[in-house]
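Residue strings, one per chain:
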Amino acid sequence: MLDTSARLLRLLSLLQAHREWTGPELADRLGVTPRTVRRDVDRLRELGYPVNASPGTGGGYQLGAGAELPPLLLDDDEAVAVAVGLRTAAGNGVEGIGEASVRALAKLEQVLPGRLRRRVSALNEFTVPMLRVRAGAAVDPAVLTELATVCRDGERLRFEYRDHGGTGSRRTVEPHRLVCSERRWYLVAWDVDRGDWRTFRADRIEPRPPHGPRFAPRTPPAEDLAAYVSEGVSQRAYAARAVLRLHATAEEAARRVGPADGVLEPLDDGTCLLRTGAVSLDVLVIHVLLLGFDFEVVEPPELTERIRAARDLLGRAVAP
């Protein structure tokens, strides 16, 4: 006969697999008496599982929906399906669920048996998605789950990092959070060697385990980490920066300006501020023109001169 803990897990699995069971059916499956089934059902309820019971000869037990999500039991095929789905969401930028997918995937892969990990890896390795997010966003979901795990466990992370020019460096950081945008994933971490907060693109990170030791969490660089990363990757990372007044609402502008392109600030019903950056003022001119909005330069004044120069150049190009 199964011990109490194993029997409870078996009972929970039966309740999840079938819409409704009678007491005698469960007793027969578990090899116990109907009275033991009733006691085990009460234990499940104490653990937070909402087991509904209907009286009478035609009644039975049914697992219902509760106010909170209790632990779920998955068989092998279900676990593989969930892991593959989470990897797909994490690696292909599904809007709004990417970061949650990585956290859930980290928890699931931590307890997956080796045989199931191999099935998940094989399915992902030999599957080619037809739809992808924009170029440059590709990042190994295994790297994302590893980053999420060290963030959760508060362990130092060692990795090789390539900057935008392809130059590699060895980094040791105290990871804090993963931040995802429509196109890319970023790791916000305290750089141990540089003694400051840094933002790293996840697709440029190559972990070098073992990780550790554990560290005491630091106060993050900002309460709104999404805004912090957006400002960093769209402004602080560039030599040329500008503030523009767009003749569009912040909502309209957000359809063309992603978090990695700049930070929008509503002004009134018809305008907003755009804070952005680029490798040079000339590139900034092109970047702003491609947005397609009427605009005014707030700063720097040098950008106005570059726009005039571009206007004259284009005018000569179309002159008879």
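Treat the numbers as computed from the prediction; the structure is a model and nothing was measured.

Cut-off values and rules
- Residues numbered from 1 in each chain as written.
- Predicted model: local features only at pLDDT ≥ 70, side-chain atom pairs only at ≥ 80, totals over all residues.
- Heavy atoms only, no water.
- Salt bridge = Lys/Arg side-chain N within 4 Å of Asp/Glu carboxyl O.
- Helix = DSSP H or I, 4+ residues; strand = E, 2+ residues; numbered from the N terminus.
- Buried < 20%, exposed > 50% of the residue type's maximum accessible area, 1.4 Å probe, protein only.
- Expected span 1.5 Å × (residues − 1).
- Arc of directions from axis to C-beta.
- Axes fitted to C-alpha atoms, helices over the stretch in contact; angles between N-to-C directions.
- Parallel < 35°, antiparallel > 145°, perpendicular 65-115°, else oblique.
- Left-handed = near helix turned anticlockwise from the far one by under 90°.
- Contact = heavy atoms within 4.5 Å.
- Nonpolar A, V, L, I, M, F, W, Y, C, P; charged D, E, K, R; others polar.
- Polar contact = N/O pair within 3.5 Å; in protein donor to acceptor, adjacent residues only side chain to side chain.
- Core = buried A, V, L, I, M, F, W, Y, C linked by side-chain atoms within 4.5 Å.
- pLDDT = per-residue confidence, 0-100.
- Phe/Tyr/Trp six-rings, centres within 6.5 Å; stacked < 30°, edge-to-face > 60°.
- Pairing = 2+ DSSP bridges.

(A) Spotlight on the pattern of salt bridges. By the definition in use, this model includes 18 salt bridges. With a shortest N-O distance of 3.3 Å, R275 and E265 are connected by a salt bridge. In this pair, R275 sits in strand β10 (residues 272-278) while E265 sits in strand β9 (residues 263-266), placing the two residues 10 residues apart along the sequence. A relative accessible area of 30% means that R275 is categorised as partly exposed. The salt bridge involving D282 is made with R306; its shortest N-O contact spans 3.3 Å.

(B) View of helix α3 (residues 34-46). The terminal C-alpha atoms of α3, which comprises 13 residues, lie 19 Å apart, in line with the 18 Å expected from a rise of 1.5 Å per residue. The complete set of buried residues in α3 reads T36, V37, D40, V41 and L44. The buried residues of α3 all sit within an arc of 140° when viewed along its axis, so they share a single face. Facing away from the buried side of α3 by more than 90 degrees, the exposed set consists of R35 and E46. In the stretch just after α3, G48 is the one whose phi turns positive, near 105°.

(C) Looking closely at the environment of P34. Within the secondary structure layout, P34 lies in helix α3. Once the C-alpha coordinates of P34 and G23 are considered, the two residues, 11 residues apart in sequence, prove to be 5.8 Å apart.

(D) Here's a closer look at the packing of helix α10 (residues 281-291) against helix α11 (residues 301-318). Two numbers describe how α10 lies on α11: the axes approach to 9 Å, and their chain directions differ by 70°. Between α10 and α11, the angle is such that the two are roughly perpendicular. Crossing hand, α10 versus α11: right-handed. Of the residues in α11, those touching α10 at L281, D282, L284 and V285 are E302, L303, R306, I307 and A310. Residues that form the contact of α10 with α11 fall into these classes: six nonpolar, no polar and three charged.

(E) Structural context of helix α8 (residues 225-236). Listing the buried residues of α8 in full gives L225, Y228, V229, S230, G232, V233, S234 and Q235. Where α8 is buried, its residues meet β4 (168-180), β5 (185-191), β6 (196-201), β8 (240-246), β9 and β10. By the N-cap criterion, in which a side-chain oxygen at the helix start approaches the backbone nitrogen of a residue two or three places on, α8 is capped by D224, the distance to A226 being 3.2 Å.

(F) Looking closely at unusual backbone geometry. Of the consecutive residues P209 and P210, the connecting peptide bond is found in the cis state with omega at 10°. Note on placement: P210 falls in the loop between β7 (205-207) and α8. Following G212, the chain continues into P213 via a peptide bond in cis, with omega recorded as 5°.

(G) Representation of the environment of A242. Structurally, the position occupied by A242 is in strand β8. Linking A242 and E299, residues 57 residues apart in sequence, is a C-alpha distance of 5.5 Å. Those residues in contact with A242 that sit more than four places away from it in its chain are L274, R275, T276, L284, E299, P300 and L303.

(H) Expanded view of the nonpolar core. In terms of nonpolar packing, the biggest core is built from 20 residues, with L147 and L187 touching the most fellow members. Elements represented by at least two residues in this core include exactly α5 (98-111), α7 (141-153), β3 (157-162), β4 and β5. With six residues, the single largest contributor to this core is α7. What L147 contacts, discounting residues up to four positions off in sequence, is L157, L178, L187, A202 and I205. In this structure, A248, C272, L274 and V288 belong to the second largest nonpolar core, which totals 17 residues.

(I) Main features of the confidence of the model for the protein chain. On average, the protein chain scores 82 in pLDDT, and the residues at 70 or more come to 85%. Confidence drops under a pLDDT of 50 for residues 130-136, and excluding neighbours within four residues, the segment shows 11 contacts in the predicted structure.

(J) Representation of the packing of aromatic side chains within the structure. Using the criterion set out here, one finds four aromatic pairs in the structure. Pairing F159 with Y161 gives two aromatic rings, centres 6.1 Å apart and planes at 80°, and the pair type is edge-to-face. Since its relative accessible area comes to 0%, F159 is described here as buried. The exposure class assigned to Y161 is buried, which follows from its relative accessible area of 9%. Consider the rings of F159 and F200, whose centres lie 5.2 Å apart with planes at 80°: the pair is edge-to-face.

(K) Representation of the pairing of β4. The pairing of β3 with β4 spans six bridges and is antiparallel. Its bridge partner being in β4, R162 is matched across the sheet by G168. Summarising the sheet, β4 and β5 pair through seven bridges and their orientation is antiparallel. In the sheet register, C180 faces β5, and the bridge partner there is W185.

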